[in-house]
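# A look at the structure
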Amino acid sequence: MQPSSTPQGPVLVTGGAGYIGSHTVRALVAQGRDVVVLDTLERGDRSRGDGVPFVKADIADGRAVERAVRRHGVTSAIHFAAYKAVGESMEQPLRYWSNNVAGSVALVRSLLATGVDRVVFS
């Protein structure tokens, strides 16, 4: 296996204060990776962050995402910032579409604008 030609900088974990995101943050930290969490805290808990840098922002806020990426030297992202309650999604489909679809598109655009082209979407 060839070593990566891209330097391993910090990983941005969106939704990193949520349940799944926070477990991913812990696993990355245990592997010795630098991590930056971006979360609105709408459904997350900042105390789950294991002391990693934290940015309170929405994935759809392009300026905030770009600022966080540049400030922390982020080189890749793992995207967990999505709503997932099935019943609620049936009652509020536009809210879910706005966050899960439009928000994800805005996030990827912001990442690409800052040179981040390695993204895991879950």
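To be clear, the structure that these remarks concern was listed above.
Residues numbered from 1 in each chain as written. Predicted model: local features only at pLDDT ≥ 70, side-chain atom pairs only at ≥ 80, totals over all residues. Heavy atoms only, no water.

## Considering the pattern of salt bridges
Where charged atoms from two side chains of opposite charge approach closely, those side chains can pair. Spelled out, the test is: Criterion for a salt bridge: a side-chain nitrogen of Lys or Arg within 4 Å of a carboxyl oxygen of Asp or Glu. Secondary structure follows DSSP: runs of H or I at least 4 residues long count as helices, runs of E at least 2 residues long count as strands, and numbering of each begins at the N terminus. Burial classes follow relative accessibility: with a 1.4 Å probe on protein chains only, a residue under 20% of its type's maximum area counts as buried, one over 50% as exposed, and anything between as partly exposed.
By the definition in use, this model includes 3 salt bridges. Arginine 70 is the salt-bridge partner of glutamate 66, the closest N and O atoms lying 3.5 Å from each other. Residue glutamate 66 and its partner arginine 70 are both found in helix H2 (residues 62-72); the two are separated by 4 residues, about one turn of the helix. Exposure remark for glutamate 66: the relative accessible area of 22% places this residue in the partly exposed category. Through salt bridges with shared partners, one network takes in Glu42, Glu88 and Arg95.

## Here we look at the nonpolar core
The test is simple: By nonpolar core is meant a set of buried Ala, Val, Leu, Ile, Met, Phe, Trp, Tyr and Cys residues that side-chain atoms within 4.5 Å join together. The contact definition used throughout considers only heavy atoms, calling two residues in contact when any of these lie within 4.5 Å.
In terms of nonpolar packing, the biggest core is built from 16 residues, with Leu12, Leu38, Val55, Val65, Val69, Val74 and Leu111 touching the most fellow members. Counting only elements with at least two residues in this core, the list comes to strand E2 (35-39), H2 and helix H4 (93-113). Among the elements that line this core, the one with the most residues is H2, at 4 residues. Sequence-distant contacts of leucine 111, that is, excluding residues within four places in its chain, are made with Leu12, Val65, Val69, Ala77, Val116 and Val119. Counting residues in each nonpolar core, the second largest holds 11 residues, with Val11, Val35, Phe54 and Phe80 among its members.

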